[in-house]
Structure formats: C-alpha cells, structure tokens
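Here is how the chains run, residue by residue.
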Amino acid sequence: MPSAEGLEGIAAEVRVCVLCPLSKTRKNAVPGEGPSDAPVMVVGEAPGANEDQQGRPFVGSAGRNLEDLLSRAGLARSNVFITNVVKCRPPGNRRPLKGEMDACHPYLRRQLETIKPKFVVLLGDAALKEFFPDSSLASLHGKPTKRGGLTFVPMYHPAAMIYNRSLTQTLEEDFTKLGKLLRSG
Ligand code: URA
Ligand code: SF4
C-alpha cells in the first residue's frame, strides 16, 4: 500500500524491501536519487559493489563515465534522476533475474509516475528489456521511442566504455543527440 507518496516515500519502502531474494545479500538498497522535477530519468541495470556499500547509484567507475556522457547532453548529475531496474545488488554482479526485475518493477513504475520525465534513458540491455522485451540495443540505441505516455531513449551501458572503443563513440554521439532533443522540445 503506498503510504507517504513522493520519491522519499518510495525510497523509504525500498530501503526495507524484502520482496525478492536480493534483500538477503544486499548491504544497502539503492532507491535512486535526483530532483522530483528532473527532465531526464536514467535507468541502469543494478547496483554494483560501490553502490551497495554507499546506498547511492552510479558511484563507481560507471558513474564517472555516466557523468561525462551527461555533460555531452548539457546535463549535470544533479539535473537528472538516476536509478536502476533492480534496487539491490545481485551477488557477484550477475545480471538480475526475471523474477527479481518483476518484483522490483512497481518501484520504478512509481518513480516514473512521480517524476514524469520528458525522457527516460535506458542504459544497457536489462533496462531495455524491462520496457521493450522484444527489442535490441543494436536497433533502438539513441532513438526516442514512445510507450505508455513516456518517451524512452535506449543507450548502451557506460560500463561498455571500459573495454569497447566503438561503443564509447556511439554512446557519446547518442548523448549529444539527447542534448539536442532536450533543447528542441
Ligand atoms: N551500473 C549500473 O547499472 N548501475 C549502477 O548503479 C552502477 C553501475
Ligand atoms: Fe525489493 Fe527490489 Fe531489493 Fe528485490 S531488488 S528486495 S524487489 S527493492
């Protein structure tokens, strides 16, 4: 039952959530952070070790890469709401399971309904599959795609920048394009 609504109410529920087995191995749940009127919401895959330690999203090296990409769209980290498909770290950073993603989905849905961002950036294949189960990043990356009253922009995951030079260039181009979309609408 939604109690205190608003982002803080949702975050408070997430921090004590036991709806899936990831609650047993997490140190801290990571609800997400950012302003309630953010024009852009960024959805990653899942917290990693640093995020689990600190209870904040994208604080490791993927976070630095994300901040660099956001700046190409003319955005600071503090302008966007940053969260993940699942709010608790999967053991060993494995990909979240379908049952975990389904259990956690209502939190993401409520965050989307509260913020109503202009654009929802989906980072990586897990975030893409959450909303477009039959689509691939190869075909949808960088393309604004409407569904259920929201505009999604799928992107490759910034973790790929660590080992893949050509994906880095694609990510940089796609974030530059996002900046143009923001300024034009
Ligand atoms: N990778 C993600 O997908 N999310 C985080 O919060 C950190 C790294
Ligand atoms: Fe709850 Fe989501 Fe954490 Fe699972 S991953 S325990 S559903 S907050």
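One can find the structure itself at the top, above this paragraph.
Sequence order sets the numbering: in each chain, residues are counted from 1 along the sequence as written. Written order decides the labels, with chains lettered from A and ligands numbered from 1. Reporting of local features is limited, given that this is a predicted model, to residues whose pLDDT is at least 70; pairs of side-chain atoms are given and counted only at 80 or more, and all residues count toward the totals for whole chains, interfaces and linings. Hydrogens and waters are ignored; side-chain quantities use all the structure's heavy atoms.

Trainee: Would you take a moment to explain the overall build of the protein for this structure?
Mentor: Where helices and strands are cited, they refer to DSSP runs of H or I of at least four residues and of E of at least two residues respectively, numbered from the N terminus. Looking only at helices and strands, one finds eight helices and five strands in the protein. Start at the N end of the protein and walk to the C end: the helices and strands fall as α-α-β-α-α-β-α-β-α-α-β-β-α. C-alpha atoms define the radius of gyration, and 2.2 Å times the number of residues to the power 0.38 defines the globule rule. The C-alpha radius of gyration computed for the protein amounts to 15 Å, which stays within 12% of the reference 16 Å derived for 185 residues, consistent with globular compactness. Projected onto its principal axes, the C-alpha coordinates of the protein cover approximately 40 × 35 × 30 Å. A total of 185 residues make up the protein; the buried ones form 50% of that total. Contact criterion: two residues are considered in contact whenever any of their non-hydrogen atoms come within 4.5 Å of each other. Within the protein, residue pairs in contact and separated by at least 24 positions form 70% of the contacts whose partners lie at least 6 positions apart. Only the protein chains shown count as cover for residues, and all accessible areas are computed by the Shrake-Rupley method using a 1.4 Å probe. For the protein, the exposed area adds up to about 8,700 Å²; of that, 53% sits on carbon and sulfur atoms. Distance from the positive charge centre (25 side chains) to the negative charge centre (19 side chains) of the protein: 2 Å. A 1.4 Å probe rolled over the protein chains alone gives each residue an accessible area, and that area as a share of the maximum for its type sets the label: buried under 20%, exposed over 50%, partly exposed in between. All tallies of charge rest on Lys and Arg as positive and Asp and Glu as negative; His and the ends of each chain are not included. In plain terms, the charge of a residue is placed at NZ if it is Lys, CZ if Arg, CG if Asp and CD if Glu.

Trainee: Would you mind going over the site of ligand 1 with me for this structure?
Mentor: Around ligand 1, the neighbouring residues are Gly 44, Glu 45, Ala 46, Glu 51, Pro 57, Phe 58, Ala 62, Asn 84 and His 157. Interatomic distance of 3.0 Å between a backbone N/O atom of Phe 58 and an oxygen atom of ligand 1. Here a polar contact is recorded for every N or O atom pair within 3.5 Å, except that within protein the pair must consist of a potential hydrogen donor and a potential acceptor, and residues adjacent in sequence are included only if both atoms are side-chain atoms. A distance of 2.8 Å separates an oxygen atom of ligand 1 from a polar side-chain atom of His 157. Within the complex, the protein chains bury 90% of what would otherwise be the 240 Å² of accessible surface of ligand 1. Gly is placed with the polar residues, together with every amino acid not listed as nonpolar (Ala, Val, Leu, Ile, Met, Phe, Trp, Tyr, Cys and Pro) or charged (Asp, Glu, Lys and Arg). Counted by class, the shell around ligand 1 contains four nonpolar, three polar and two charged residues. Throughout, near means a residue has at least one heavy atom within 4 Å of the molecule or strand.

Trainee: Explain the pattern of salt bridges here, please?
Mentor: Proximity of charged atoms lets side chains of opposite charge pair with each other. The rule for a salt bridge is simple: a side-chain nitrogen of Lys or Arg has to be within 4 Å of a carboxyl oxygen of Asp or Glu. One pass over the full model with this rule turns up 11 salt bridges. Taking the shortest distance from any N to any O, the salt bridge between Arg 15 and Glu 8 comes out at 3.8 Å. Assessed through its relative accessible area of 54%, Glu 8 is described here as exposed. Between Lys 129 and Asp 125 there is a salt bridge whose closest N-O contact spans 2.8 Å. Of this pair, Lys 129 and Asp 125 both sit in helix H6 (residues 124-131), separated by four residues, roughly a single helical turn. With relative accessibility at 26%, the residue Asp 125 sits in the partly exposed group.

Trainee: Got a minute to help me understand the nonpolar core in this structure?
Mentor: Generally speaking, nonpolar side chains in soluble globular proteins are found buried as a group. Counting residues in hydrophobic clusters, the biggest one holds 54 residues, and the most contacted among them are Val 42, Phe 175 and Leu 178. The biggest single contributor to this core is helix H5 (residues 98-115), with six residues. Ignoring sequence-local partners within four residues, the contact set of Val 42 consists of Leu 66, Leu 70, Val 80, Phe 81, Ile 82, Thr 83, Val 121 and Leu 123. Residues enter a nonpolar core if they are buried and are Ala, Val, Leu, Ile, Met, Phe, Trp, Tyr or Cys, with the set joined through side-chain atoms within 4.5 Å.

Trainee: Would you mind showing me how to read the site of ligand 2 here?
Mentor: Around ligand 2 sit Cys 17, Leu 19, Cys 20, Ser 23, Arg 26, Lys 87, Cys 88, Ala 103, Cys 104 and Tyr 107, and those are all the residues in its vicinity. Of all the elements, H5 adds the most residues to the shell around ligand 2, at three residues.

Trainee: Whenever I open this one, H5 confuses me. Can you help?
Mentor: Residues separated by three or four positions in an α-helix point in the same direction, a consequence of the helix having 3.6 residues per turn. In this analysis, the expected span of each helix is defined as 1.5 Å times one less than the number of residues it contains. With 18 residues, H5 ought to run about 26 Å at 1.5 Å a step, and its terminal C-alpha atoms sit 25 Å apart, in line with that. The principal kink in H5, of about 40°, is found at Cys 104, preceding the proline Pro 106 by one to four residues. Among all positions in H5, only Glu 100, Met 101, Cys 104, Tyr 107, Leu 108, Arg 110, Gln 111, Leu 112 and Ile 115 are buried. Positive phi shows up at Lys 116, right after H5, with a value of about 45°. Axes are fitted to the seven residues ending at a residue and to the seven starting at it; the angle between these axes is taken as the bend at that residue.

Trainee: Help me out: how do you make sense of the side chain of Arg 77 in this one?
Mentor: Here Arg 77 lies in the loop between helix H4 (61-72) and strand S2 (81-84). Residue classification places Arg 77 among the buried residues on the basis of a relative accessible area of 17%. Only 2.9 Å separates the side chain of Arg 77 from the backbone oxygen of Phe 58, close enough to count as a polar contact. Beyond its immediate chain neighbours, meaning those up to four positions away, Arg 77 contacts Glu 33, Arg 56, Pro 57, Phe 58, Val 59, Glu 67, Leu 70 and Ile 82.

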